[in-house]
Amino acid sequence: MSGDEALSADAPEEMPGEERTDGGERPQTYTIRLELVDEPGQLLAALKPIADNGGNLLSIFHERGNKTPRGHIPVEVDLECPPDRFEIIVDALREEGVNVIQAGSERYGEELTVLLVGDIVDTDLSDTLRRIERCTDATLADLSLSAPEGREDISSARLRLATRAGKATTVVDLVREVATAKGLNVVEPLMEGSA
Amino acid sequence: MSLNVAVVGAGAVGRSVVELAGEYGHTVTAVADSSSAAIDPAGLDPEAVLDRKDREGAVGTAAPEDALAAEYDVLVEATPTTLGDAEPGFSHARAALESDRHAVLANKGPVAERYGDLMALERESEGSVLFEATVGGAIPVLSTIADFGADHITAARGVLNGTANFILSRMAAEGLGYEHVLSEAQDLGVAEADPAFDVEGTDAALKFVILANVLSQGDDEYRLDDADVEGIKDIPGSALDLAAEDGRTVRLIGEATPERVRVGPRLVPQHGALAMTGTRNIVQLETEHAGQLNVSGRGAGGPETATAVLSDVSRLE
């Protein structure tokens, strides 16, 4: 973890027992990884849903110098909140359109990449992506499209999906279902240990 | 100890077995092609037999089936792979086992399509059946599994078709389209005039079916029909470009477990073990207590595959 370079506040060594919120349980520490578009105000917009939903920010590590291949800026946020609030905070972030790559130590701990091949544009790419997100409870973290012949020929798309740990195989099966219904081919990742 | 070997099939593999048997200390007492046979219980002269085959298109003057009845300790079955009833390869292996002699197969058909029948014949016979050459050419895949113990291996995955691997690795490296690279591969002799068997995934699937049969140790029997098979023809250059941008590439990967067989194009790390270049093959065994075990090398070719056949013969001494 990047605690040394973090902007602020150390996490308290021990949670004082009397600090209770209306969640009723002791707050725990969580880490959320986000990817932000490089535009003014994005960081503030991403932090607001945390505070609004009872999360207490502990530190923010803003990796400005380390952009993703798509030009996004990775941000790591440490916060504390009662366990039952954590899911609400993550959902609120997603509702604001914030790209949550990983939330907590386990829950969104896996990413997987798949290729779609075929008549991607004319089969309504945004509808395809919507269906994938709806059926799989995976989140689209990144998308690249390559259509060298325009709409005339076969094109390819690379999807990076963030998903819950242990769910990658299920997600891939559902992606295949959605793609097959649209006549698209899927190139799956080889998930070692899944064979 | 020198064993007497009868070789059925005089294609690239059969010829190389005849040529190299002496180096491995064995004697070839019979050779059969599709129309004739050469038989000499005292041992044939490999050069003379192969010269005659080149000159006259036939290895000898006897009938092909006479080779099956000749004197030998080990029958090497190296006729072309056939699907379904796996004939005539299966009957050749049966002839050896029913007369209590050993059979060594380079022909994938009987092991992939009739594994149960083949094992039943072996149980009734004093002879044994071995088939290292059917999976991964020169690479000792099956003997590694046997040494390690199939019980302790949970899965086998990897690249077992050099033609498909050559095409995908060239497409990725040069940014060329499938058709272009395929015709280049045909010019180089890496792909057959009819490449369907390789590019549609059938050849790789047969090998992974054999691996699944070996790994399941008789609990389940697999045939080609049981495998999920997808080829590489629909992979456009743009898909390989997108994969490369992300540090990945696409290879025709097979997976065999005691429960399942599948072959298809898959995303793998660009610099990972499975992203072989060219025609090389690799098998990665997932072990119970020792992580991954990789074996790689030349997966096809006459002399390469003949070394696997002759290693099997030597195991039977």
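Here the structure is a predicted model, which is why all the values come from computation and not from measurement.

A.B. asks: Mind laying out helix α2 (residues 83–95) of chain A, listing which residues take part and the relevant values?
C.D. replies: Working note: α-helix, 3.6 residues per turn, so residues spaced by three or four point in the same direction. Residue and element names in this part refer to chain A. All of the buried residues in α2 are F86, I89, V90, A92 and L93. One side of α2 holds all its buried residues, which, seen down the axis, span an arc of 160°. Downstream of α2 by one or two residues, G97 has phi in the positive range, about 85°.

A.B. asks: Describe the pattern of salt bridges, with residues and values.
C.D. replies: Applying the stated rule across the entire model yields 32 salt bridges over all chains. R176 of chain A serves as the salt-bridge partner of E230 of chain B, at 3.6 Å between the closest nitrogen and oxygen. On the criterion of chain membership, the pair formed by E230 of chain B in the loop between β8 (228–229) and α12 (237–245) and R176 of chain A in helix α4 (residues 168–181) is interchain, its members lying in two chains.

A.B. asks: For the interface of chain B and chain A, give the residues involved together with the corresponding values.
C.D. replies: Each side of the interface is counted separately: chain B has 26 residues, and chain A has 26 residues. When the two sides are added together, the surface that chain B and chain A hide from each other amounts to roughly 2000 Å², 56% of it contributed by carbon and sulfur. There are five salt bridges connecting chain B and chain A. Put simply, R266 of chain B and E188 of chain A hold a salt bridge, and the shortest N to O gap is 3.9 Å. Connecting chain B to chain A are nine residue pairs in polar contact (both at pLDDT 80 or more). Taken together, the elements giving at least two residues each to the side of chain B that touches chain A come down to β7 (153–159), α12, β9 (248–256), β10 (261–269) and β11 (280–287) of chain B. A breakdown of the residues in the side of chain B that touches chain A according to their chemical character gives 12 nonpolar, four polar and 10 charged. Direction of pairing for strand β8 (residues 185–189) of chain A relative to β10 of chain B: parallel, over a ladder of two bridges. Residue pairing across strands places E188 of chain A opposite R266 of chain B, the latter belonging to β10 of chain B.

Parameters and conventions
Residue positions are given per chain, counted from 1 along the sequence in the order it is written. All chains are assigned letters beginning at A, and all ligands numbers beginning at 1, according to the order in which they are written. Thresholds applied to this predicted model are a pLDDT of at least 70 for local features of residues and 80 or more for the giving and counting of side-chain atom pairs; totals over whole chains, interfaces and linings are not thresholded and use all residues. Values reported for side chains reflect all heavy atoms of the structure, with hydrogen atoms and water molecules removed beforehand. Relative accessibility under 20% of the residue-type maximum defines a buried residue, over 50% an exposed one, and the middle range a partly exposed one, all with a 1.4 Å probe and only protein chains included. A run of H or I in DSSP becomes a helix once it reaches four residues, and a run of E becomes a strand once it reaches two; helices and strands are each numbered from the N terminus. Of all possible arcs, the one meant is that of the directions from the helix axis to the C-beta atoms. Salt bridges are counted wherever a side-chain nitrogen of Lys or Arg sits within 4 Å of a carboxyl oxygen of Asp or Glu. Working rule for contacts: check all heavy atoms of both residues, and any pair within 4.5 Å makes them a contact. In this description, buried area is defined as the sum, over both parts, of the accessible area (probe of 1.4 Å) that is lost when the two are combined. The definition of a polar contact used here is a pair of N or O atoms within 3.5 Å, where within protein one atom must be able to donate a hydrogen and the other to accept one, and adjacent residues in sequence count solely through side-chain atom pairs. For this scheme, ten residues count as nonpolar: Ala, Val, Leu, Ile, Met, Phe, Trp, Tyr, Cys and Pro. Four count as charged, namely Asp, Glu, Lys and Arg, and the remainder, Gly too, count as polar. Paired strands are those between which DSSP finds at least two bridges.

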